[in-house]
Amino acid sequence: ENGILMGSPTSMASPVILSQDELKKIAAYKAVEYVESGMVIGLGTGSTAKHAVDRIGELLRQDLDTYPVVDLAIDGADEVDPFLNLVKGRGGSLLREKMIESACKKFIVIVDESKMVKYLGGSGLAMPVEVIPFCWKFSAERLRKLFEYAGCVAKLRTFPENGEPFVTDNGNYIVDLYFKKDIGDLNAASDAILRLPGIVEHGMFLDMATTLIVAGELGVTIKNK
Ligand code: 5RP
């Protein structure tokens, strides 16, 4: 069910302005209420997911070879559309997260309200694509061409301090895609990206989240798929 669980400004004596990190913490703590003893839990990365990790405390991070079915994964996201499709990977992790989160029975996404968008790419921020380093410029150009209709700009992710490429936990590079317009059919976009040789994975997590917890100034909203 969907619902506002916390008080609204009208029910509070004086409105409390919460920081973005406080909102992330509220969403994360709410998600941890779904954790039951004996569950196999998938844990994501990022500042929101870190609050969930801290809250759960001592957890064993088991891998998929041992536990092919994860009961519950909890993770943050960079963008969430109205259908619970996500952009992830702005923090640099997406492949391993996608492997675990696609294998779990329940995937709870925890965000503060700034992450909600009308359509993926709509924040104007990066949509990450993990590519193998070999001929990355070629891959970046093919990605840009694929989304030329949406005004795509493709940039290799680098460290600002030295211009060196960011390297993922799998030894790959990240090409960040920026769109000026809605890219449209997300499944078609996903298929087209994954058909390009040299592409490892992209940051669109489509039809994977089962529950969304959003913390905003007016309270916590929970949406189930
Ligand atoms: C890492 C991710 C994170 O989940 C995403 O970037 C959200 O991070 P945060 O909770 O710090 O805002 O996908 O690559």
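Below, the structure is looked at part by part. (Residues numbered from 1 in each chain as written. Predicted model: local features only at pLDDT ≥ 70, side-chain atom pairs only at ≥ 80, totals over all residues.)

**Thoughts on the overall build of the protein**
Here is step 1 of the chain: On a plain count of helices and strands, the protein comes out with 5 helices and 13 strands.
Here is step 2 of the chain: If you take every contact in the protein between residues at least 6 apart in sequence, the share linking residues at least 24 apart comes to 76%. (Helix = DSSP H or I, 4+ residues; strand = E, 2+ residues; numbered from the N terminus. Contact = placed C-beta atoms within 7 Å.)

**A look at the nonpolar core**
Here is step 1 of the chain: Among the nonpolar cores identified, the biggest contains 48 residues, and Ala27, Ile74, Val109, Ile110, Val175 and Leu177 are the most heavily contacted of them.
Here is step 2 of the chain: Top contributing element to this core by residue count: strand β6 (residues 104-112), with 6 residues.
Here is step 3 of the chain: Not counting the four nearest positions on each side in its chain, leucine 177 is found in contact with Ala126, Met127, Val129, Leu143, Phe147, Cys152 and Ala154. (Core = buried A, V, L, I, M, F, W, Y, C linked by C-beta atoms within 7 Å. Buried ≥ 20, exposed ≤ 12 C-beta atoms within 10 Å, placed from the backbone.)

**Comments concerning the site of the ligand**
Here is step 1 of the chain: Close to the ligand lie 18 residues, the nearest being Gly46, Ser47, Thr48, Gly76 and Gly91.
Here is step 2 of the chain: Its residues placed into classes, the shell around the ligand shows 3 nonpolar, 10 polar and 5 charged. (Near = placed C-beta within 6 Å. Nonpolar A, V, L, I, M, F, W, Y, C, P; charged D, E, K, R; others polar.)

**Quick notes on the sheet that holds strand β10 (residues 199-202)**
Here is step 1 of the chain: Pairing in this open sheet of 4 strands is antiparallel, and the strands run β8-β9-β7-β10 from one edge to the other. The strands lining the two open edges of the sheet, one partner per strand, are β8 (153-156) and β10. If you compare each strand with its neighbour and ignore which way they point, the axes differ by 30 degrees on average.
Here is step 2 of the chain: The pairing of β8 with strand β9 (residues 173-178) spans 4 bridges and is antiparallel. Considered in β9, the bridge of lysine 155 is made with aspartate 176. (Pairing = 2+ DSSP bridges. Axes fitted to C-alpha atoms, helices over the stretch in contact; angles between N-to-C directions.)

**Things to note about unusual backbone geometry**
Here is step 1 of the chain: For leucine 84, which is not a glycine, the phi torsion comes out positive at approximately 70 degrees.
Here is step 2 of the chain: Summarising the element assignment, leucine 84 is placed in the loop between β4 (79-80) and β5 (86-87).
Here is step 3 of the chain: We classify leucine 84 as buried; it has 20 C-beta atoms within 10 Å.
Here is step 4 of the chain: With phi around 55 degrees, cysteine 135 is a residue other than glycine that occupies positive phi space.

**Side note on the pairing of strand β12 (residues 211-216)**
Here is step 1 of the chain: Where β6 and β12 come together, 5 bridges link them in parallel fashion. Paired with valine 109 across the strands is leucine 212, a residue of β12.
Here is step 2 of the chain: Sheet topology places β12 next to strand β13 (residues 219-224); 6 bridges connect them, and they run antiparallel. Looking at the pairing, threonine 211 lines up with asparagine 224 of β13.

**Points about helix α2 (residues 47-56)**
Here is step 1 of the chain: Buried residues of α2: Thr48, Ala49, His51 and Ala52, and no others. The buried side chains of α2 occupy one side of the element, clustering within an arc of 150 degrees when seen end-on.
Here is step 2 of the chain: Along its buried surface, α2 packs onto α1 (20-32), β2 (41-43), β3 (70-75) and β6. (Arc of directions from axis to C-beta.)

**Topic: the sheet that holds β4**
Here is step 1 of the chain: Spatially, the 3 strands line up as an open sheet ordered β4-β5-β11, and their pairing is antiparallel. Each edge of the open sheet carries a strand with a single partner, namely β4 and β11 (204-205).
Here is step 2 of the chain: When β5 meets β11, the two strands line up antiparallel, connected through 2 bridges. The residue bridging leucine 86 from the neighbouring strand is phenylalanine 205, located in β11.

**Description of the packing of α1 against α2**
Here is step 1 of the chain: Where α1 contacts α2, the two axes come as close as 8 Å, and the packing angle between them is 50 degrees. With respect to each other, α1 and α2 are oriented oblique. Crossing of α1 against α2: the hand is right-handed. Only Ser47, Thr48, His51, Ala52, Arg55 and Ile56 of α2 make contact with α1, whose side of the interface consists of Asp21, Lys24, Lys25, Ala27, Ala28, Tyr29, Ala31 and Val32. (Parallel < 35°, antiparallel > 145°, perpendicular 65-115°, else oblique. Left-handed = near helix turned anticlockwise from the far one by under 90°.)

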